[in-house]
Amino acid sequence: MNIGRIVVLIGVLMMAMNSCSQEAPKGKLIYCSYSKNGHAGLGKDYCALIADEGKEPQIVVSLYNDCHYREAVKKTFPVTTAEVEKLQQILENGQVYKLNGYHHDEALEGGATYRIYQEYLSDGNVTKVDADWFGHNIKPEAAAAYATIKRFFAPWR
């Protein structure tokens, strides 16, 4: 076995160990969003739950930002702490945290870039979960997490 193959094998094993060792974030969910950035002037859509300490939680829905074909829409809705807790449970049950650091980028024309992002607050420390991808050959877990988060936000869209 040549040295190049050994280096690649070590890299793959380290990535596998890292993804298996990720633990669920501790603390309270204070932010969660998903976004789709359409290329070629199709605009960016995102929804975000914002639950900062000491403030009333809210959901922001922002559609068609920088879209060449439609006017942008942005709305804000108050939500209960029960809704925040419901989303946190959905994220935990779906083990979305295991996607932290996932990045996939294929050389394609057109299409859209997808992103999921969360923040958790525990003892003054913020833990982030961030993943993004562009292409056809993405992890099935990434597509499933995106669909799950999008489904949560559907009533406000």
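Figured I'd write up the structure that's included with this text.

Conventions we followed
Residues numbered from 1 in each chain as written. Predicted model: local features only at pLDDT ≥ 70, side-chain atom pairs only at ≥ 80, totals over all residues. Heavy atoms only, no water. Helix = DSSP H or I, 4+ residues; strand = E, 2+ residues; numbered from the N terminus. Contact = heavy atoms within 4.5 Å. Areas by Shrake-Rupley, 256 points an atom, 1.4 Å probe, with all protein chains shown as cover. Salt bridge = Lys/Arg side-chain N within 4 Å of Asp/Glu carboxyl O. Buried < 20%, exposed > 50% of the residue type's maximum accessible area, 1.4 Å probe, protein only. Expected span 1.5 Å × (residues − 1). Core = buried A, V, L, I, M, F, W, Y, C linked by side-chain atoms within 4.5 Å.

Helices and strands together make up the secondary structure of the chain, namely 3 helices and 7 strands. Along the chain, from the amino end to the carboxyl end, the secondary structure elements read α-β-β-β-β-α-β-β-β-α. Contacts in the chain between residues far apart in sequence, at least 24 positions, make up 58% of those at least 6 positions apart. With an accessible surface of roughly 9,900 Å², the chain has 53% of that area assigned to carbon and sulfur atoms.

Considering all chains together, one arrives at 3 salt bridges under this definition. Across the pair K26 and E23 runs a salt bridge whose closest N-O atoms are separated by 3.7 Å. The class of K26 is exposed, set by a relative accessible area of 52%.

Below, the discussion takes up helix α3 (residues 140-153). Over its 14 residues, α3 extends 20 Å from the first C-alpha to the last, a length consistent with the 20 Å expected when each residue adds 1.5 Å. Each element contacted by the buried residues of α3 is listed here: β1 (28-38), β2 (43-50), β3 (58-65), α2 (81-93), β6 (112-122) and β7 (125-134).

One broad rule of soluble globular proteins: the nonpolar side chains tend to lie buried together. Core analysis: the largest hydrophobic core is formed by 31 residues, its most contacted members being L29, L49, I59, L87, L91, I116 and F153. Of all elements in the fold, only β1, β2, β3, α2, β6, β7 and α3 reach the threshold of two or more residues within this core. Of all the elements, α3 adds the most residues to this core, at 6 residues. Beyond its immediate chain neighbours, meaning those up to four positions away, F153 contacts C32, Y34, C47, A48, L49, I59 and L87.

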